[in-house]
Amino acid sequence: MKTIRLSFLHMLKFVRQDKMLFAAMIAPLLAGIAIHFAVPVAEKELIRMTGMPAVLSPYYSLFDVFFASITPVMFCFIAAMVVLEEHDDHIDRYLFVTGLGRNGYFISHIVLPAIFAFLITVVLLPVFGLTSMSVAEILFLSLAGSLQGIIIALLIVTLSSNKLEGMAVTKLSSLMMLGAFVPYFVPVSLNLCASFLPSFWMGKAILDKEPVSMLLSVLASMGWIFIMKKKYDRKI
Amino acid sequence: MIKVDRLTFSYSKNPFIQDMSFSVSEGEIFGFLGPSGAGKSTLQKILLGMLPNYQGSAVVNGTECKKHSSDFYESIGVDFEFSTMYEKLTARENLRFFSSLYHRQTQSIDELLQMVGLQNDAQKRVSEYSKGMKSRLNFVKALLHDPKLLFLDEPTSGLDPTNSRLMKDMILAEKSRGKTILLTTHNMQDATEICDRVAFIVGGQIFAMDSPHNLIMSRGAASVTYTWFDNGEQTASCLLEQISEDQQLQRLIRENRLQSIHSSEPTLNDIFMEITGRTLV
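The shown structure was predicted, so the numbers you read here are calculated from the model rather than taken from an experiment.

Quick notes on the rules
Residues numbered from 1 in each chain as written. Chains lettered and ligands numbered in written order. Predicted model: local features only at pLDDT ≥ 70, side-chain atom pairs only at ≥ 80, totals over all residues. Helix = DSSP H or I, 4+ residues; strand = E, 2+ residues; numbered from the N terminus. Contact = placed C-beta atoms within 7 Å. Rg over C-alpha atoms; globule rule 2.2 N^0.38 Å. Buried ≥ 20, exposed ≤ 12 C-beta atoms within 10 Å, placed from the backbone. Pairing = 2+ DSSP bridges. Axes fitted to C-alpha atoms, helices over the stretch in contact; angles between N-to-C directions. Parallel < 35°, antiparallel > 145°, perpendicular 65-115°, else oblique. Left-handed = near helix turned anticlockwise from the far one by under 90°. pLDDT = per-residue confidence, 0-100. Domains from an automatic or database assignment. Expected span 1.5 Å × (residues − 1). Nonpolar A, V, L, I, M, F, W, Y, C, P; charged D, E, K, R; others polar. Right-handed = clockwise from strand over helix to strand, strands pointing away.

Once that is clear, we can look at the overall build of chain B. What chain B contains, in helices and strands, is nine helices and 13 strands. Across chain B, the fraction of contacts at a sequence separation of at least 24, relative to all contacts at a separation of at least 6, is 66%.

Given below as structure tokens:
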């Protein structure tokens, strides 16, 4: 446990020295402030301009789903970049033959950032969220967002051979979050086309207030993590 | 210290390491020699517990490699061929971090840096180091937790003669401190110089295993080459063990007509080629 903690703290020190990664670390806070303050102002302006009774407010819960995904995606993106850099420099290979080991490396570099992101989302979501959510909904969105973050980190690491490719794959992997839009905008008959995406079930769980969708979101994430972890083990 | 018995491993359907058996005693320097793709690195990974899907047995420090716990690495030090340092950190920061990953008492970082002549560069970023400096730093990193067993992968690869000599002296110094050392190398000269025993590996199989001296002496007889002048320079040679039967040489000695004479033993490289039919390239 000591080695996992030290490895995680070392990763944070490493991130602090990298301006791009450090900026990504504070991005969720900036996104939270922007969503919380700018969206209601934009809604007022849009109502005034269009004369409609509501433009954005029916989708406020979608903003919350999206915000719940941002912190884990950013944190896991940072973690994936560190893993890729350490892989390039052969450092991971060395860490595997220390007290940290292969499992300790995975926990300190992928799982702990996701847990950290979960805790931060639990705190930030009630502060910056646009709708009032129950404790269960906050916990669910934070958990589902963190699991999605792990999936994205694994996708970045397994599909990229260096940091530059990693950034391109991050953009591609972030499309996974778009599943949350489907229950809001796509006809019900076509909804299930996106059912393989955990974010689809996140959106559906919040929109329809369905506990089953919460469970399906977690199960879909577990399936993705299981498959991607096998690919990760083959590469790293 | 290491006991491998009927080890077989495969990445695909075809076996990559086949029915390999050997043992390494405590305090011994054991070298694996073979061309690229021979299975040296794979064998090292198995012995380091990184490839658990093997058949047979591979026991290191009394632990079956595929069943090791995290304590396994407390008594093993590894120096990979490439630098495994954080380039943006200083040498001291690197060593401090890596030493924190061991439970046992680690050696003084200052003493280790002094040992390899890097005490004045401890605050430099590793990215500013030369290849020789990185190699020395990598080597002392493997010694941080004072392990009983050292795995060295191509320790002199790419080093100039001075740094190569320094590295070999450091390896021999660790042996004199009682460490067991397992190294993989392409370099026959280094193997002859520092290994107590070597194994020739080609195609995942051990072709020969003995001390470099025994391998050289058992396979190739030393020869004597001599020159003399007779309508231009003439050269001839004979086996050292048959020197008394060479009438021409006897006559040239009697007549004081020899211009040069020297003996030569086959090198480990010659023996490797003779046994395996391969070169080390």
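Alright, that's what it looks like, and here's the rest.
Attention now goes to the overall build of chain A. A count of helical and extended segments in chain A gives eleven helices and zero strands. In chain A, the succession of helices and strands from N to C terminus is α-α-α-α-α-α-α-α-α-α-α. The C-alpha atoms of chain A give a radius of gyration of 19 Å, which matches the 18 Å a tight globule of 236 residues would have. For chain A, the spread of C-alpha atoms along the principal axes amounts to about 65 × 35 × 30 Å. The 236 residues of chain A split such that 46% are buried. A sequence separation of at least 24 residues applies to 71% of the contacts in chain A between residues at least 6 apart.

Okay, the sheet that holds strand β13 (residues 258-264) of chain B next. Two strands in a sheet stick together by hydrogen bonds in their backbones, pointing the same way (parallel) or opposite ways (antiparallel). Residues and elements named next belong to chain B. The three strands lie next to each other as β12-β11-β13, forming an open sheet whose pairing is antiparallel. Lying at the two open borders of the sheet, with one neighbouring strand each, are β12 (233-239) and β13. The sheet shows a mean angle of 15 degrees between the axes of neighbouring strands, taken without regard to direction. Summarising the sheet, strand β11 (residues 223-229) and β13 pair through six bridges and their orientation is antiparallel. Each residue of the ladder has a partner; that of Thr-225, found in β13, is His-262.

Turning our eyes to something else, we now look at the environment of Leu-89 of chain B. Residue and element names in this part refer to chain B. With respect to the secondary-structure elements, Leu-89 resides in the loop between β6 (76-79) and α2 (91-99). The spatial distance from the C-alpha of Leu-89 to the C-alpha of Val-126 is 6.3 Å, given a sequence separation of 37 residues. The residues contacting Leu-89, other than those within four sequence positions of it, are Asn-94, Arg-125 and Val-126.

What follows covers the packing of helix α6 (residues 135-159) of chain A against helix α7 (residues 163-173) of chain A. All names here are of chain A. At a minimum axis separation of 9 Å, α6 and α7 run at an interaxial angle of 140 degrees. As summarised for this structure, α6 and α7 are arranged oblique, according to the angle between their axes. Once α6 is placed against α7, the crossing between them reads as right-handed. Contacts from Ile-152, Leu-155, Ile-156 and Leu-159 of α6 reach α7 at Gly-166, Val-169, Thr-170 and Ser-173.

A separate point is the sheet that holds strand β1 (residues 2-9) of chain B. All names here are of chain B. Strand order in the open sheet formed by four strands is β2-β1-β4-β5, with antiparallel pairing between adjacent strands. Each edge of the open sheet carries a strand with a single partner, namely β2 (17-24) and β5 (63-64). Strand direction decides the pairing type here: β1 and strand β4 (residues 55-60), joined by five bridges, are antiparallel. When the sheet's bridge partners are listed, Asp-5 is paired in β4 with Ser-57. Packed on one face of the sheet, helix α1 (residues 40-47) meets β1, β2 and β4 and runs near 120 degrees to β1.

What follows is about the confidence of the model for chain A. When pLDDT is averaged along chain A, the result is 92; 100% of the residues meet or exceed 70. Per-element confidence in chain A is highest for α6 of chain A, whose mean pLDDT is 95, and lowest for helix α9 (residues 188-191) of chain A, whose mean pLDDT is 84.

Quick look at the domain arrangement of chain B now. The domain boundaries assigned to chain B delineate domain 1 (2-217) and domain 2 (221-264). Centre-to-centre, using C-alpha coordinates, domain 1 of chain B lies 45 Å away from domain 2 of chain B.

Over its 25 residues, α6 of chain A extends 36 Å from the first C-alpha to the last, a length consistent with the 36 Å expected when each residue adds 1.5 Å. Summarising burial for α6 of chain A: 19 of the 25 residues are buried, a large majority.

Turning next to the packing of α6 of chain A against helix α11 (residues 211-235) of chain A. All names here are of chain A. In the contact formed by α6 and α11, the axes pass within 9 Å of each other and the chain directions differ by 25 degrees. Looking at the two axes, α6 sits roughly parallel to α11. Of the two elements, α6 crosses α11, and the hand of that crossing is left-handed. Between α6 and α11, the contacting residues are Phe-140, Leu-143, Ala-144, Leu-147, Gln-148, Ile-150, Ile-151, Leu-154, Leu-155, Val-157 and Thr-158 on the first element and Met-214, Ser-217, Val-218, Ser-221, Trp-224, Ile-225, Met-228, Lys-229, Lys-231, Tyr-232 and Lys-235 on the second. Here the contact of α6 with α11 is built from residues that sort into 15 nonpolar, four polar and three charged.

Contacts between chain A and chain B engage 15 residues on the former and 19 residues on the latter. A total of four residues in the side of chain A that touches chain B trace back to one element, the largest contributor, which is helix α4 (residues 91-96) of chain A. Per-class residue counts for the side of chain A that touches chain B are six nonpolar, seven polar and two charged.

All right, on to the pairing of strand β7 (residues 149-153) of chain B then. Residues and elements named next belong to chain B. Sheet analysis places β6 next to β7, joined by four bridges and oriented parallel. Each residue of the ladder has a partner; that of Ile-76, found in β7, is Leu-149. Bridge count between β7 and strand β8 (residues 180-185): five bridges; the pairing is parallel. Following the sheet pairing, Leu-149 is matched in β8 by Thr-180. Handedness of the crossover is the feature at issue here: the chain leaves β7, passes through helix α5 (residues 161-176), returns alongside β8, and the resulting connection is right-handed.

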